[in-house]
Amino acid sequence: METITVNASEKYDVIIGGGLLKNCGEYVRKVTKAEKIALISDDNVSGIHSDKVKKSLSEAGFDVCSFVFPHGEASKCSDTLNKIYGFLAQNHFTRTDCIIALGGGVTGDMAGYASATYLRGMDFIQLPTSLLAQVDSSVGGKTAIDIPEGKNLVGAFKQPKLVLCDTEALRTLPRDFLIDGMGEVVKYGMIKSAPLFDILLNHDIDSIWEVMEDIIARCVSIKRDVVEADEFDKGERMLLNFGHTLGHSIEQYYHYTGISHGRAVAKGMEMITRLAESKNMCRSGLTDELLTALKKYCLDITVEPEAKDLGGACLNDKKRAGSSISVIICSDIGVSSAVKMTVDDFESFLK
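Here goes a summary of the coordinates provided. Keep in mind that this is a model prediction, so the values were computed, not measured.

What counts and how
- In this convention, every chain numbers its residues from 1, walking through the sequence in written order.
- In keeping with the model being predicted, local features are shown solely for residues with a pLDDT of at least 70 and side-chain atom pairs are shown and tallied solely at 80 or more, while totals for entire chains, interfaces and linings include all residues.
- Here the side-chain values reflect all heavy atoms present in the structure, with hydrogen atoms and water set aside.
- The way it works is that DSSP assigns letters per residue, a run of H or I at least four long becomes a helix, a run of E at least two long becomes a strand, and they are numbered from the N terminus.
- We compute the radius of gyration over the C-alpha atoms and compare it with the globule rule, which gives 2.2 Å times the number of residues raised to the power 0.38.
- In this scheme, a residue with accessible area under 20% of its type's maximum is buried, one over 50% is exposed, and one in between is partly exposed, where area comes from a 1.4 Å probe on protein chains only.
- Contact criterion: two residues are considered in contact whenever any of their non-hydrogen atoms come within 4.5 Å of each other.
- Using a 1.4 Å probe, accessible areas were evaluated by the Shrake-Rupley method; residue-level cover was limited to the displayed protein chains.
- Asp and Glu are treated as the negative residues and Lys and Arg as the positive ones, with His and the ends of the chain left uncounted.
- Note on charges: their place is set at NZ of Lys, CZ of Arg, CG of Asp or CD of Glu.
- Fitting a line to C-alpha atoms yields each axis, with helices limited to the stretch in contact; the angle taken between N-to-C directions then spans 0 to 180 degrees.
- Here roughly perpendicular refers to angles of 65 to 115 degrees, roughly parallel to angles under 35, roughly antiparallel to angles over 145, and oblique to all remaining angles.
- The hand of a helix crossing depends on one turn: near helix anticlockwise from the far one by less than a right angle means left-handed, and clockwise means right-handed.
- Ten residue types, Ala, Val, Leu, Ile, Met, Phe, Trp, Tyr, Cys and Pro, are classed as nonpolar, four, Asp, Glu, Lys and Arg, as charged, and the remainder, Gly among them, as polar.
- At least two bridges found by DSSP between two strands are what make those strands a pair.
- We count a salt bridge whenever a side-chain nitrogen from Lys or Arg sits within 4 Å of a carboxyl oxygen from Asp or Glu.
- Among the buried residues, those of types Ala, Val, Leu, Ile, Met, Phe, Trp, Tyr and Cys that are joined through side-chain atoms within 4.5 Å form a nonpolar core.
- For this analysis, a ring pair means two rings from Phe, Tyr or Trp (six-membered ring only for Trp) whose centres lie within 6.5 Å, classed as stacked if their planes differ by under 30 degrees, edge-to-face if by over 60, and tilted for the remaining angles.
- Within 3.5 Å is the distance limit for a polar contact, defined as a pair of N or O atoms, with the added protein rule that one can donate a hydrogen and the other accept it, and that residues adjacent in sequence qualify only through two side-chain atoms.
- In this description, the arc belongs to the directions extending from the helix axis to the C-beta atoms.

**A closer look at the overall build of the chain**
When its secondary structure is counted, the chain shows 13 helices and 12 strands. Taken over C-alpha atoms, the radius of gyration comes to 19 Å for the chain, in line with the 20 Å a tight globule of 351 residues would show. For the chain, the C-alpha atoms occupy an extent of roughly 60 × 40 × 35 Å along the three principal directions. Here the chain holds 351 residues, and 60% of them are scored as buried. Look at the contacts in the chain between residues 6 or more apart in sequence, and 74% of them connect residues 24 or more apart. When the accessible surface of the chain is split by element, carbon and sulfur atoms take 47% of a total near 13800 Å². Of the charged side chains in the chain, 39 are positive and 49 negative, and the gap between their average positions amounts to 3 Å.

As structure tokens, this is what we get:
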């Protein structure tokens, strides 16, 4: 078991290890004075994990109420959010109570945004059950919903009180969810850690289990360092969005149902690196090296739109500021930067 402390506007621990969900109550009791817990999960995760989580929370003295919504990115919307608000009101939750997200990135975003906004703020705890959520979305305090015009365009910063990454929960995931999470893991190697990238090259989707706890800890440590340096996404934190500008546009192209987040990010990383290499903005051969890693984790996918077709959707990206947009480019493995371009230059870059 490993504990990584995040010193953001709210200091909290990210605990990584096996069996944490069945003992979550003792950890949660240490970080909140809440009497009631709103346990939010989707209909896939709830059937697998909710009973043991509720049992542990109840044994720790909490009154637990559950809200379950349909799984999938399409649920990360204002309609689901309003239903969560209604559930909280109908069950008489107060500002001193707590919301817990049990599930993947969609659940964490929905529950986190609700906790940031209902009654102007409630305690929030993350129990991520997907690899993508454990290595990335559960840490750092970004919460959001999607709107038809783009992904994550409406949201708030809300740091959790605690994050428990139960590695045993990953064993319950379908293979596709493991593949999806590896897209974010490859991203961390590309932007900040050549040693992590080497580990990925020395394993594949089947053997990565041998080092799973280590790679989760490495990714969380990288994100911790970035968040502490730039909690509110004004500078260095933009680097965490490598592959995401095009990736989010790919997700939007498929209406958030045709391609998963991790796969879209993987394709976005490949597209942006290929473009950068063609314009001598990164080391020669970098695209092939990235593709080698992506293939090991079944992330070498094809999509219908080309990069030049995604420019319009990218202009709603959160990294746009006025008439410019910051494009995240890796010049080598573990070396990344935000390159500021005008909108016209960016559209030319994509061609």
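**A closer look at the packing of helix H6 (residues 175-192) against helix H10 (residues 261-278)**
Direction vectors running N to C along H6 and H10 enclose 40°, while the axes themselves pass 7 Å from each other. Judged on the interaxial angle alone, H10 and H6 are oblique. Where H6 crosses over H10, the handedness of that crossing is left-handed. On H10, the residues touching Asp176, Ile179, Asp180, Gly183, Glu184, Val186 and Lys187 of H6 are His261, Gly262, Arg263, Val265 and Met269. Of the residues that constitute the contact of H6 with H10, the class distribution is 4 nonpolar, 3 polar and 5 charged.

**Remarks on the packing of helix H3 (residues 78-90) against helix H4 (residues 105-117)**
Running from N to C, H3 and H4 point in directions that differ by 55°, and their axes come no closer than 10 Å. By the angle class used here, H3 and H4 are oblique. Judged by the sense of rotation from one axis to the other, the crossing of H3 with H4 is right-handed. Of the residues in H4, those in contact with Thr80, Leu81, Ile84 and Tyr85 of H3 are Met110, Tyr113, Ala114 and Thr117. In the contact of H3 with H4, the residues fall into 6 nonpolar, 2 polar and no charged.

**Some words on the sheet that holds strand E1 (residues 2-7)**
Reading across the sheet, the 7 strands line up as E1-E2-E9-E6-E5-E3-E4 and stay open at both edges, with mixed pairing between neighbours. Sheet topology places E1 and strand E4 (63-69) at the edges, where each strand pairs with a single neighbour. Direction aside, neighbouring strands of the sheet carry axes that sit 15° apart on average. Bridge analysis of strand E3 (residues 36-42) against E4 gives 7 bridges, and the strand direction is parallel.

**Details of the pattern of salt bridges**
Per the counting criterion, the structure on display carries 23 salt bridges. Across the salt bridge formed by Lys76 and Asp109, the nearest N and O atoms sit 2.8 Å from each other. One end of the pair, Lys76, is in the loop between E4 and H3; the other, Asp109, is in helix H4, and 33 residues separate them in sequence. Overall, Lys76 belongs to the buried group, its relative accessible area being 3%.

**Some remarks on the pairing of strand E12 (residues 335-342)**
Two elements, strand E11 (residues 324-332) and E12, share 8 bridges in a ladder whose sense is antiparallel. Each residue of the ladder has a partner; that of Ile325, found in E12, is Met341.

**Thoughts on the nonpolar core**
Val14, Leu131, Met182, Met190 and Ile215 are the most contacted members of the largest nonpolar core, which has 75 residues in total. Examining the composition of this core, we find that 9 residues originate from one element, helix H8 (residues 212-229), more than from any other. When near neighbours in sequence (up to four residues on either side) are disregarded, Val14 contacts Glu2, Thr3, Ile4, Val6, Val139, Val163, Cys165 and Val220.

**With respect to the packing of aromatic side chains**
Enumeration according to the criterion identifies 5 aromatic pairs in this entry. Look at Phe157 and Phe232: their rings are 5.1 Å apart centre to centre, the planes differ by 85°, and that puts the pair in the edge-to-face class. Of this pair, Phe157 sits in strand E8 (residues 150-157) while Phe232 sits in the loop between H8 and helix H9 (244-253), and the two are 75 residues apart along the sequence. The class for Phe232 is partly exposed, based on a relative accessible area of 43%. Ring plane angle 75° and centroid distance 5.1 Å describe the contact between Tyr253 and Tyr254, whose orientation is recorded as edge-to-face. Taken together, the aromatic side chains of Phe67, Phe87 and Phe93 make up a single cluster linked through ring pairs.

**A few points about the side chain of Ser130**
Relative to the assigned elements, Ser130 resides in the loop between strand E6 (123-128) and helix H5 (131-137). The class for Ser130 is buried, based on a relative accessible area of 9%. Engagement of the side chain of Ser130 in a polar contact is seen with the backbone nitrogen of Ala133, the distance being 3.1 Å. Beyond its immediate chain neighbours, meaning those up to four positions away, Ser130 contacts Gly103, Gly104, Gly105, Leu170 and Leu173.

**Section: helix H11 (residues 286-296)**
What H11 keeps buried is the set Leu286, Thr287, Leu290, Leu291, Ala293 and Leu294. Buried residues of H11, viewed axially, fall in a sector of 160°; they line one side. Exposed residues on H11 whose side chains face more than 90 degrees from its buried face are Asp288 and Lys295. Where H11 is buried, its residues touch H6, helix H7 (194-201), H10 and E11.

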